Amino acid sequence: KVFMLIVAIGLFAISANSQNKLALYGGLNASWLNYGTKEYQTNIPGFVIIEENNSLWKIGGDYGLRTQIKLSDKVLLHTGAGLSNRGFDDVITIGNEVNDLRISLRYVDIPLMLHGYFNEEGQGKTLTSIGMGLQLSFLSGSDVKIRPDGGEWSPINHTEAFRKSDVSLVGSVTIQPQRFYIELMGGLGFLS
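The paragraphs below set out a description of the structure included in this document. (Residues numbered from 1 in each chain as written. Predicted model: local features only at pLDDT ≥ 70, side-chain atom pairs only at ≥ 80, totals over all residues. Heavy atoms only, no water.)

What about the overall build of the protein?
Phase 1: On a plain count of helices and strands, the protein comes out with one helix and eight strands.
Phase 2: Shown N-terminal to C-terminal, the secondary structure of the protein runs as helices and strands in the order α-β-β-β-β-β-β-β-β.
Phase 3: Counting every atom, the protein has about 12200 Å² of accessible surface; 60% of that belongs to carbon and sulfur. (Helix = DSSP H or I, 4+ residues; strand = E, 2+ residues; numbered from the N terminus. Areas by Shrake-Rupley, 256 points an atom, 1.4 Å probe, with all protein chains shown as cover.)

Spelled out as structure tokens, the structure:
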């Protein structure tokens, strides 16, 4: 429903003003999970090893539909709906066996950003903008897979309570030549 609403707003915006755009997008993302310190038990009673600043990451994909609506001479509203694959990879030990662990999380993302642009759009001109705003993300699915060292990935049942939604502060730099755009976007989740 949200996706269809954004498509309708984008189509209305395009018909109302030629400077508004509706675009399909696709790309890669890198997601990080930073979970601070973690204690590892040892065979010595009462002694643990503390590893600080644990950070796990994973490369995933993004694709969807974006629209931008001109609000004033120098400000655009940038919104849309898309799907992103996030998660992390880790290494765990079960008994004496070392295993790779892969957590895959699939989200529906809805960015709500304001972009300020630097030059007037016109024949043969490239639009450059910087944006800031919020992104709402809703978990649509998750997978947990494990693989023994050098083995095949196999799914495992999981009961992890992954958070169903997240709100992120996002920022981006966008360069829009004639019929396509290049965007570098980053965000920091508040809830997940």
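A word on the packing of aromatic side chains
Phase 1: Throughout the structure, instances matching the rule amount to zero aromatic pairs.
Phase 2: The ring of Tyr25 is capped by Arg66, whose NZ or CZ atom sits 4.2 Å from the centre of that ring.
Phase 3: The lysine or arginine in question, Arg86, covers the ring of Tyr107, its NZ or CZ lying 4.2 Å from the ring centre. (Phe/Tyr/Trp six-rings, centres within 6.5 Å; stacked < 30°, edge-to-face > 60°. Lys NZ or Arg CZ within 6 Å of the ring centre and 35° of its normal.)

Quick look at the environment of Lys125
Phase 1: Take Lys125: it is sitting in the loop between strand E4 (97-117) and strand E5 (127-148).
Phase 2: Taking the C-alpha atoms as reference points, Lys125 and Pro177, 52 residues apart in sequence, are found 6.9 Å from one another.

Looking at a nonpolar patch on the surface
Phase 1: On the surface, Met132, Leu134, Leu169, Phe190 and Leu191 cluster together into a nonpolar patch covering about 470 Å² of accessible area.
Phase 2: Along the polypeptide, Phe190 turns up in the segment after strand E8 (182-189). (Patch = residues over 30% accessible without salt bridge, like charges linked within 9 Å, V, L, I, M, F, W, Y side chains within 5 Å. Salt bridge = Lys/Arg side-chain N within 4 Å of Asp/Glu carboxyl O.)

Quick notes on the pattern of salt bridges
Phase 1: Under the defined criterion, the tally for this structure stands at five salt bridges.
Phase 2: A salt bridge links Asp100 to Arg147, with the shortest nitrogen-to-oxygen separation between them at 3.0 Å. Of this pair, Asp100 sits in strand E4 while Arg147 sits in strand E5, and the two are 47 residues apart along the sequence.
Phase 3: Look at Arg147 and you get partly exposed, because its relative accessible area is 26%. (Buried < 20%, exposed > 50% of the residue type's maximum accessible area, 1.4 Å probe, protein only.)

Describing the nonpolar core
Phase 1: The biggest cluster of nonpolar side chains holds nine residues, and these are Leu56, Phe88, Leu101, Ile103, Leu105, Tyr107, Leu139, Val144 and Phe162.
Phase 2: The set of elements that each furnish at least two residues to this core consists of E4 and E5.
Phase 3: The element contributing the most residues to this core is E4, with four residues. (Core = buried A, V, L, I, M, F, W, Y, C linked by side-chain atoms within 4.5 Å.)

Quick notes on the pairing of E8
Phase 1: For E8, a buried count of zero out of eight residues is recorded, marking the element as mostly open to its surroundings.
Phase 2: Pairing geometry for strand E7 (residues 165-176) and E8, over eight bridges, is antiparallel. From the neighbouring strand, Gly171 faces E8, where its bridge partner is Gly186. (Pairing = 2+ DSSP bridges.)

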